[in-house]
Amino acid sequence: MKNNIRVERAIKQLTQEDLARMVSVSRQTINAMEANKYVPSTVLALKIARVFSKPVEEIFWLEETD
């Protein structure tokens, strides 16, 4: 799964810590998601999408594999 978290954070001028606090996770969790090392739960993905006021599909998507 890929994501736009880093880009969306930059647009909103949020640090990893800011976003983590807003969605009730650790900064390390945000860092792991941005590095594509952690796949969020559905609830967490929805919370993050809400912070950015975008549909979840604009923040997260499945990487196509052949």
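Residues numbered from 1 in each chain as written. Predicted model: local features only at pLDDT ≥ 70, side-chain atom pairs only at ≥ 80, totals over all residues. Heavy atoms only, no water.

Caption draft 1: Expanded view of the packing of helix H2 (residues 16-23) against helix H3 (residues 27-34). In the contact formed by H2 and H3, the axes pass within 8 Å of each other and the chain directions differ by 110°. Accordingly, the angle class assigned to the pair H2 and H3 is roughly perpendicular. Contact residues: Gln16, Glu17, Leu19, Ala20 and Val23 in H2; Arg27, Ile30, Asn31 and Glu34 in H3. Counted by class, the contact of H2 with H3 contains four nonpolar, two polar and three charged residues. (Axes fitted to C-alpha atoms, helices over the stretch in contact; angles between N-to-C directions. Helix = DSSP H or I, 4+ residues; strand = E, 2+ residues; numbered from the N terminus. Parallel < 35°, antiparallel > 145°, perpendicular 65-115°, else oblique. Contact = heavy atoms within 4.5 Å. Nonpolar A, V, L, I, M, F, W, Y, C, P; charged D, E, K, R; others polar.)

Caption draft 2: Highlighting the packing of helix H1 (residues 5-12) against H3. Viewed as axis vectors pointing N to C, H1 and H3 meet at an angle of 120°, and their least axial separation amounts to 9 Å. Looking at the two axes, H1 sits oblique to H3. Contacts from Ile5, Arg6 and Arg9 in H1 reach Ile30, Met33 and Glu34 in H3. In the contact of H1 with H3, the residues fall into three nonpolar, no polar and three charged.

Caption draft 3: Region of the structure containing the pattern of salt bridges. For the coordinates displayed, the defined rule picks out five salt bridges. A salt bridge links Lys2 to Glu63; its shortest N-O distance comes to 3.8 Å. Separated by 61 residues along the polypeptide, Lys2 in strand S1 (residues 2-3) and Glu63 in the segment after strand S2 (60-61) bring together distant segments of the chain. Accessibility expressed as a relative area gives 27% for Lys2, which makes it partly exposed. Two residues, Glu34 and Arg6, come together in a salt bridge whose shortest N-O distance is 3.3 Å. Of this pair, Glu34 sits in helix H3 while Arg6 sits in helix H1, placing them 28 residues apart in sequence. You can call Glu34 buried: its relative accessible area is 7%. Accessibility expressed as a relative area gives 48% for Arg6, which makes it partly exposed. Each of Arg6, Arg9 and Glu34 takes part in salt bridges that share partners, so that together they form one network. (Salt bridge = Lys/Arg side-chain N within 4 Å of Asp/Glu carboxyl O. Buried < 20%, exposed > 50% of the residue type's maximum accessible area, 1.4 Å probe, protein only.)

Caption draft 4: Molecular detail of the nonpolar core. Ile5, Leu19, Val23, Ile30, Ile48, Phe52 and Ile59 are the most contacted members of the largest nonpolar core, which totals 15 residues. Within the residue set of this core, elements represented by two or more residues are H2, H3 and helix H4 (42-51). With five residues, the top contributor of residues to this core is H4. Sequence-distant contacts of Val23, defined by excluding residues within four places in its chain, comprise Ile30, Leu44, Lys47, Ile48 and Val51. (Core = buried A, V, L, I, M, F, W, Y, C linked by side-chain atoms within 4.5 Å.)

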